[in-house]
Amino acid sequence: MHLPGHHVFVYPPSAESGARLGGNWPIVVNQRTGECRFVRGVDEYRKLKAARPL
């Protein structure tokens, strides 16, 4: 996944429950400020998956 100016982290599900950190949502970290947040809904998630790094 790609979001300019950010790092995007996706955690694999655990073998026991299938649940991931963040309720199965990727975590976005702003490279400049260090601010962390979860992806904001399905629309942003789809855009991240469709985006291609430069």
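(A) How the structure looks around a nonpolar patch on the surface. Taken together, Trp 25, Phe 38 and Val 42 make up a surface patch of nonpolar side chains, about 260 Å² in accessible area. Structurally, Trp 25 is set in the loop between strand 1 (6-9) and strand 2 (27-30). A relative accessible area of 30% places Trp 25 in the partly exposed class.

(B) Molecular detail of the sheet that holds strand 3 (residues 36-38). Spatially, 1-2-3 is the arrangement adopted by the three strands of the open sheet, whose pairing is antiparallel. Of all strands in the sheet, those bounded by a partner on one side alone are strand 1 and strand 3. For this sheet the average axis-to-axis angle between neighbouring strands, irrespective of direction, equals 25°. In the sheet, strand 2 pairs with strand 3 via three bridges, with the strands oriented antiparallel. Each bridged residue has a counterpart across the sheet, and for Ile 27 the counterpart in strand 3 is Phe 38.

Conventions used here
- Residues numbered from 1 in each chain as written.
- Predicted model: local features only at pLDDT ≥ 70, side-chain atom pairs only at ≥ 80, totals over all residues.
- Heavy atoms only, no water.
- Patch = residues over 30% accessible without salt bridge, like charges linked within 9 Å, V, L, I, M, F, W, Y side chains within 5 Å.
- Areas by Shrake-Rupley, 256 points an atom, 1.4 Å probe, with all protein chains shown as cover.
- Salt bridge = Lys/Arg side-chain N within 4 Å of Asp/Glu carboxyl O.
- Helix = DSSP H or I, 4+ residues; strand = E, 2+ residues; numbered from the N terminus.
- Buried < 20%, exposed > 50% of the residue type's maximum accessible area, 1.4 Å probe, protein only.
- Pairing = 2+ DSSP bridges.
- Axes fitted to C-alpha atoms, helices over the stretch in contact; angles between N-to-C directions.

Shape descriptors only; they carry no functional weight alone.
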